[in-house]
Amino acid sequence: MLGEAQEPGSYYVGVDVGTGSVRAALVDQRGSLLAFADQPINKWEPQFNHHEQSSEDIWTACCVVTKKVVQGIDLNRIRGLGFDATCSLVVLDKQFRPLPVNCEGDFHRNIIMWLDHRAVSQVHRINETKHSVLQYVGGVMSVEMQAPKLLWLKENLRETCWDKAGHFFDLPDFLSWKATGVTARSLCSLVCKWTYSAERGWDDSFWKMIGLEDFVADNYSKIGNQVLPPGASLGNGLTPEAAKDLGLPAGIAVAASLIDAHAGGLGVIGADVRGHGLACEGQPVTSRLAVICGTSSCHMGISKDPIFVPGVWGPYFSAMVPGFWLNEGGQSVTGKLIDHMVQGHAAFPELQAKATARCQSVYAYLNSHLDLIKKAQPVGFLTVDLHVWPDFHGNRSPLADLTLKGMVTGLKLSQDLDDLAILYLATVQAIAFGTRLIIEAMQAAGHSISTLFLCGGLSKNPLFVQMHADITGMPVVLSQEVESVLVGAAILGACASGDFASVQVCEDQGVGHGPSPSETVLPPDSSSHLAKHIQDIIKK
Ligand SMILES: Nc1ncnc2c1ncn2[C@@H]1O[C@H](COP(=O)(O)OP(=O)(O)O)[C@@H](O)[C@H]1O
Ligand SMILES: O=C(CO)[C@H](O)[C@H](O)COP(=O)(O)O
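Keep in mind that this is a model prediction, so the values were computed, not measured.

What counts, and where the lines are drawn
- Residues numbered from 1 in each chain as written.
- Chains lettered and ligands numbered in written order.
- Predicted model: local features only at pLDDT ≥ 70, side-chain atom pairs only at ≥ 80, totals over all residues.
- Heavy atoms only, no water.
- Domains from an automatic or database assignment.
- Contact = heavy atoms within 4.5 Å.
- Buried area = accessible area lost by both parts, 1.4 Å probe.
- Axes fitted to C-alpha atoms, helices over the stretch in contact; angles between N-to-C directions.
- Helix = DSSP H or I, 4+ residues; strand = E, 2+ residues; numbered from the N terminus.
- Parallel < 35°, antiparallel > 145°, perpendicular 65-115°, else oblique.
- UniProt positions renumbered as here; feature names shortened; annotations may be inferred.
- Near = heavy atom within 4 Å.
- Polar contact = N/O pair within 3.5 Å; in protein donor to acceptor, adjacent residues only side chain to side chain.
- Areas by Shrake-Rupley, 256 points an atom, 1.4 Å probe, with all protein chains shown as cover.
- Nonpolar A, V, L, I, M, F, W, Y, C, P; charged D, E, K, R; others polar.

**Looking at the domain arrangement of the protein chain**
Part 1: Each assigned domain of the protein chain is listed here: domain 1 (11-258), domain 2 (262-332 + 436-522) and domain 3 (335-431).
Part 2: The C-alpha centroid of domain 2 is placed 23 Å from the C-alpha centroid of domain 1.
Part 3: With 45 residues of domain 1 at the interface, the matching set in domain 2 holds 35 residues.
Part 4: Counting the surface lost from both domain 1 and domain 2, the interface buries some 3000 Å², and carbon and sulfur atoms represent 67% of this.
Part 5: Three residues, Tyr12, Tyr136 and Leu258, lead the burial of domain 1 against domain 2; their summed loss comes to 19% of the area buried on that side.

Below, the structure written as structure tokens:
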């Protein structure tokens, strides 16, 4: 719950920009979601590993969904607005107009998306510097972070983009600028993706060493020299122009934003789980791992002191929960990988037709199909001789190796619906296994995690959730509010409005605004003994 509101009857709006869609929610002071709307957004892949979006397109989608969720309500009760978004790179010129990030010169496509892997040579050279800032990204900078992408722009689009650029924003910061006209960046974005330190600020020597001394020369004005904690109120709030676009009252508080995974983490990590007999009950919040699973999966664990986990991003100070260090493990494609495997199979048209006939999603259909074909054995055992290695887009954590590729072993000539269902299961298991490897790396470095808190699109898939419980051997908590990422965004708006002093933290129970008490808890299925079976395979 959000906690004690100063003003009964207040509303907050949260806007969440994911990879595939924009969502908005109207949330009340108890943290309950009153209205929800979503809208797909465009993505372009002009070349393999180049992924682009349009900031104008995304802003338009934000306006559509926001107008929908406030329809018919008393606008005067809306007190705050918060944004979260993927950590994609937005490029604008000195007059804040979009600049193309592509060789075609298409101005519309001015965002290099987070999953874009064009800057392989650049990140390789950055890692070769062994600069000390790399200690705070797990020892190896990811090609998905901003420094290699900026270097790519300088080296490849000098005249059409780099020389004309006036502003490089992380997408969450672009949205808060668009709403307020304030160019201040969120500590969350700059610390997690741009090498900024909450304690020491920018490191001039890093930017000089990698060939981006331009930023030092102009005192970082293009990438941010005013930094605010997530939830801080920006300027004079919503500008009249943005208010008109969004259908909200001008002047309402707008918060410094969060990356989407961090908003999800904030939305779930403080859940009140009393009465479920979980190992984390009465334990420090540091015993919890938030897993935000959409197109990618992000594994957010916090600690009182910095923990250096090789191959796991961070430690980042105050980037998610104020006063705590954050480690962020991740798998770059999880939802996207499942979609890829299922949609690319020869039996997909048959699956689609059968699912449509039953008015089910393809995943609901596949889950029930697996139940039908499992016979006497637990579902998990259907994959004893079919295995997937899930690093189709490299490995983000804990191997931190972007060159890794995916693999399937145990294929046969048949391509019927049973094969598709089993391949889907093996993919889900491989992803859960990836989560387990990340947890093991975090535990080995000093984390003490006992319970998982899942949210995001994939947490709506019961098989995905159960496999995570079975394979990690840890209970999984799902909050009553499935759109927890949006609750996290609305919490930011509530903080910015001044109705809530800040994100509150209770050390033995988490953040004092977590989802309401009736959580769903999925324990590992001990009857399947899947975790033990996997252990046996590893031993062999
Ligand atoms: N009800 C559902 N059942 C199974 N999978 C789902 C469901 N809803 C969404 N997903 C999966 O979740 C992923 C997208 O999650 P989402 O959180 O919407 O992504 P993003 O934030 O990256 O836009 C997709 O791969 C999709 O297949
Ligand atoms: O790097 C990340 C967070 O730090 C995410 O992977 C990125 O923001 C994409 O999110 P999603 O999978 O929800 O689209």
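The rest of the description comes next.
**A word on the packing of helix H9 (residues 260-268) against helix H15 (residues 484-497)**
Part 1: At a closest axis distance of 7 Å, the pairing of H9 and H15 adopts a crossing angle of 90°. Our classification of the angle between H9 and H15 gives roughly perpendicular. Between H9, through Asp260, Ala263, Gly264, Gly267 and Val268, and H15, the contact on the second element is made entirely by Ser484, Val485, Gly488 and Ala489.

**Re the UniProt feature "domain: Carbohydrate kinase FGGY N-terminal" (unreviewed entry) in the protein chain**
Part 1: When the UniProt feature table is mapped onto this chain, "domain: Carbohydrate kinase FGGY N-terminal" (unreviewed entry) is found at residues 11-267.
Part 2: Span residues 11-267 is 30% helix and 21% strand, its end C-alpha atoms 17 Å apart.

**Let's talk about the site of ligand 1**
Part 1: If you check the shell around ligand 1, you find 15 residues, and the closest are Gly20, Arg23, Thr295, Asp339 and Gly457.
Part 2: Between ligand 1 and the protein, one listed contact pairs an oxygen atom with a side-chain N or O atom of Asp339 at 2.9 Å.
Part 3: A distance of 2.9 Å is found between an oxygen atom of ligand 1 and a backbone nitrogen or oxygen belonging to Gly457.
Part 4: Expressed as a share of its isolated accessible area of 570 Å², the protein-covered part of ligand 1 is 74%.
Part 5: Where the shell around ligand 1 is concerned, the elements lending two or more residues are strand S2 (21-28) and helix H10 (335-343).
Part 6: Residue composition of the shell around ligand 1, grouped by class: two nonpolar, 10 polar and three charged.

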